[in-house]
Amino acid sequence: MTSKGVNSIDFDSASLLQEREEQIFKYERFIDEKLKVNLQNVLDSRDKLFEKLSHLMELKTKIQMVKDEKLSEMKAMINLGSEVYVQAKVRDTSRIFVDVGLGFHVEYTLDEALQYADVREKHYTQQSEEMTKKAAEIKTQIKWCYEILSKLMDLQAENQ
């Protein structure tokens, strides 16, 4: 082999190493800037759904308590915001205002409020299950990318 052939092989090897380093960098950026961010967003959204489910369960429990104990009036601590509470006296427990979103409240009977809560609970549960599946898919994509990175790094180590 001539010296020109050896230099050509060295150049090809160097360019291949450079190309692999760039691929490794791209996969690492993709994992950190896309997949992990997407995963965190999905998990945050799912956590918000779990919080909404928790509020619905609390609503259902309190409504059921009022119905079971046949309370016609009651005292309650009302959060005015910023964790400032006042004591309130509810004179008629047969109807309740329920926050339905976007700042709107709807007046329901206790039975209607329970039906509303059941419908919302099913909806939130379905959404949270979808979010869980989506999170699992993203975790799988991250795992695949790490496997590809591992193989690229192994190839890189062999050629050095």
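Structure: above.
For the structure given in this document, a descriptive report is provided here.

Cut-off values and rules
Residues numbered from 1 in each chain as written. Predicted model: local features only at pLDDT ≥ 70, side-chain atom pairs only at ≥ 80, totals over all residues. Heavy atoms only, no water. Helix = DSSP H or I, 4+ residues; strand = E, 2+ residues; numbered from the N terminus. Buried < 20%, exposed > 50% of the residue type's maximum accessible area, 1.4 Å probe, protein only. Contact = heavy atoms within 4.5 Å. Areas by Shrake-Rupley, 256 points an atom, 1.4 Å probe, with all protein chains shown as cover. Lys, Arg positive; Asp, Glu negative; His and termini not counted. Charge placed at Lys NZ, Arg CZ, Asp CG, Glu CD. Patch = residues over 30% accessible without salt bridge, like charges linked within 9 Å, V, L, I, M, F, W, Y side chains within 5 Å. Salt bridge = Lys/Arg side-chain N within 4 Å of Asp/Glu carboxyl O. Core = buried A, V, L, I, M, F, W, Y, C linked by side-chain atoms within 4.5 Å.

1. Topic: the overall build of the protein
And then number 1: The helix and strand tally for the protein stands at 2 helices and 4 strands.
And then number 2: Helices and strands appear in the protein in the N-to-C order α-β-β-β-β-α.
And then number 3: On the principal axes, the C-alpha backbone points of the protein span a range of 100 × 30 × 20 Å.
And then number 4: Counting only residues that meet the buried cut, the protein has 22% of its 160 residues in that class.
And then number 5: For the protein, contacts bridging at least 24 residues in sequence account for 57% of all contacts bridging at least 6.
And then number 6: Looking at the protein as shown, the accessible area adds up to about 12100 Å², and 54% of this sits on carbon and sulfur atoms.
And then number 7: Across the protein, the mean location of the 24 positive side-chain charges is 4 Å away from that of the 29 negative side-chain charges.

2. What to know about a nonpolar patch on the surface
And then number 1: Where nonpolar side chains cluster on the molecular surface, the patch consists of Ile78, Leu80, Val84 and Val86 and spans about 320 Å² of accessible area.
And then number 2: Elements supplying a minimum of two residues to the nonpolar patch: strand E1 (74-81) and strand E2 (84-90).
And then number 3: Following the sequence through the fold, valine 84 ends up in strand E2.

3. Considerations on the pattern of salt bridges
And then number 1: Within this structure, the stated rule accounts for 8 salt bridges.
And then number 2: A salt bridge links glutamate 58 to lysine 62; the nearest nitrogen and oxygen atoms lie 2.9 Å apart. Within this pair, glutamate 58 and its partner lysine 62 are both found in helix H1 (residues 3-68), separated by 4 residues, close to a single helical turn.
And then number 3: Lysine 62 gets classed as partly exposed once you look at its relative accessible area, which sits at 48%.
And then number 4: Notably, a salt bridge pairs lysine 60 with glutamate 121, separated by 2.6 Å at the nearest N-O pair. In this pair, lysine 60 is assigned in helix H1 and glutamate 121 in helix H2 (residues 110-159), connecting sequence segments 61 residues apart.
And then number 5: What emerges from the salt-bridge pattern is a single network uniting Lys60, Asp118 and Glu121.

4. Observations regarding unusual backbone geometry
And then number 1: Even without glycine at this site, lysine 70 takes up a positive phi of about 50°.
And then number 2: Here lysine 70 lies in the loop between H1 and E1.

5. What about the nonpolar core?
And then number 1: By size, the foremost hydrophobic cluster in this structure holds 14 residues, and its most contacted members are Leu56, Leu59, Ile63, Val98, Tyr108, Ala113 and Tyr124.
And then number 2: Elements with a minimum of two residues in this core: H1 and H2.
And then number 3: Those residues in contact with alanine 113 that lie beyond four places of it in its chain are Ile63, Ile96, Val98 and Tyr108.

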